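For reference, the chains in residue letters:
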Amino acid sequence: MLRRSLLALPFRLPAAQAVPLVEPSLRIPPPAVALTLDLCPGGFDERLCRGLVEAGIRATWFLTGDWLRRNPAGLALLLRHRDLFAFANHGEHHLLAAPGAGTLFGQRAVADVAALRAEVLNGAALVEDCTGTLPRWYRGATGFYSREALALIPSLGCAVAGFSLNADAGASLPAAAVAARVAAARPGDVLIAHGNQPRRPAAEGLLAGLRQLQHQGMPFAWLE
Ligand SMILES: [Zn+2]
């Protein structure tokens, strides 16, 4: 799994992690694909949201508490399209779900198990407050977890949302590269991309790739 992440991300893992980390994969039953969009702390890519609405493409948005506090207008826009959008938990403070692991890709890890519980449960409560629905899926910052975290998180009422296709490498890729990755999706893939980087070109490529899949008749599903 680490090998795949090295290919998919524009970063290198630190040579020695104090706590071993894993990046779980997730697929859904074919023929559909699932689009998951992380709202890490940052802004809101309204063009992406409007493009999905125009195309009628379903997506599951992973909300962080920090994003929710700073983007009330973005949240309001998402909530106006509940026929297309589902909501999930990306943590209260966008922390790495690996107690004691330090940092990864600049993202700080939870200090201990109690902090991991707070990150997951407070994040879920905020999503419920804002959307009216208790989220069933959780994805930690970076998509990496310690084995201790993977064992604990299901006991908090959340399933861990891995993915099988990294569409935008943290919204760092040019539009053409994102479009090519997305257009290569296979039935059952869970795509990950980002909606918090309105000044980067990745979302333009994401929409182009999604429209190509749609043109081929690919159905889009939420994470169930
Ligand atoms: Zn994130």
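As a reminder, the structure under discussion sits directly above these lines.
Residues numbered from 1 in each chain as written. Predicted model: local features only at pLDDT ≥ 70, side-chain atom pairs only at ≥ 80, totals over all residues.

**Some thoughts on the overall build of the protein**
- Regarding its fold elements, the protein presents eight helices and 12 strands.
- In summary, the protein has a C-alpha radius of gyration of 16 Å against a globular reference of 17 Å for 224 residues, a match within 12%.
- Of all 224 residues assigned to the protein, the portion counted as buried reaches 45%.
- Taking contacts inside the protein between residues at least 6 apart in sequence as the whole, the part at least 24 apart equals 80%. (Helix = DSSP H or I, 4+ residues; strand = E, 2+ residues; numbered from the N terminus. Rg over C-alpha atoms; globule rule 2.2 N^0.38 Å. Buried ≥ 20, exposed ≤ 12 C-beta atoms within 10 Å, placed from the backbone. Contact = placed C-beta atoms within 7 Å.)

**Quick notes on the nonpolar core**
- Judged by nonpolar contacts, the single largest core of 65 residues is most densely connected at W61, L96, A97, A98, V182, L191 and L206.
- The leading source of residues in this core is helix α8 (residues 202–215), at six residues. (Core = buried A, V, L, I, M, F, W, Y, C linked by C-beta atoms within 7 Å.)

**Some words on unusual backbone geometry**
- The step from P30 to P31 runs through a cis peptide bond, and the omega angle for that step is 15 degrees.
- At A171, a residue that is not glycine, the phi angle is positive and equals roughly 60 degrees.
- Looking at the element boundaries, A171 is found in the loop between β10 (165–166) and α7 (175–183).

**Here we look at the packing of α7 against α8**
- Two elements in contact, α7 and α8, have axes separated by 7 Å at closest approach and are oriented at 30 degrees. In this view, α7 runs roughly parallel relative to α8, as classed from their interaxial angle. Note that α7 runs across α8; the crossing there is right-handed. Residues A175, A176, A177, V178, A179, R181, V182 and A183 of α7 form the contact with α8, whose own contacting residues are A202, E204, G205, L206, A208, G209, L210, Q212 and L213.
- Its residues assigned to classes, the contact of α7 with α8 shows 12 nonpolar, three polar and two charged. (Axes fitted to C-alpha atoms, helices over the stretch in contact; angles between N-to-C directions. Parallel < 35°, antiparallel > 145°, perpendicular 65-115°, else oblique. Left-handed = near helix turned anticlockwise from the far one by under 90°. Nonpolar A, V, L, I, M, F, W, Y, C, P; charged D, E, K, R; others polar.)

**A few points about the packing of helix α2 (residues 46–55) against α8**
- Put simply, α2 and α8 touch, their axes get as near as 10 Å, and they point 10 degrees apart. Between α2 and α8, the interaxial angle falls into the category roughly parallel. Seen from above, α2 lies across α8 with right-handed handedness. In this structure, α2 contributes R47, L48, G51 and A55 to the contact, and α8 contributes A203, L206, L207, L210, R211 and Q214.
- Among the residues making up the contact of α2 with α8, the classes are represented as six nonpolar, two polar and two charged.

**Looking at the environment of F220**
- With respect to the element layout, F220 can be found in strand β12 (residues 220–221).
- Classification of F220 by C-beta neighbours within 10 Å gives buried; the count is 20.
- Placed 33 residues apart in sequence, F220 and P187 show a C-alpha to C-alpha distance of 9.6 Å.
- For F220, the contacting residues outside a window of four places in its chain are A32, V33, L35, I57 and R58.

Everything listed is a geometric property; what it means functionally is a separate question.
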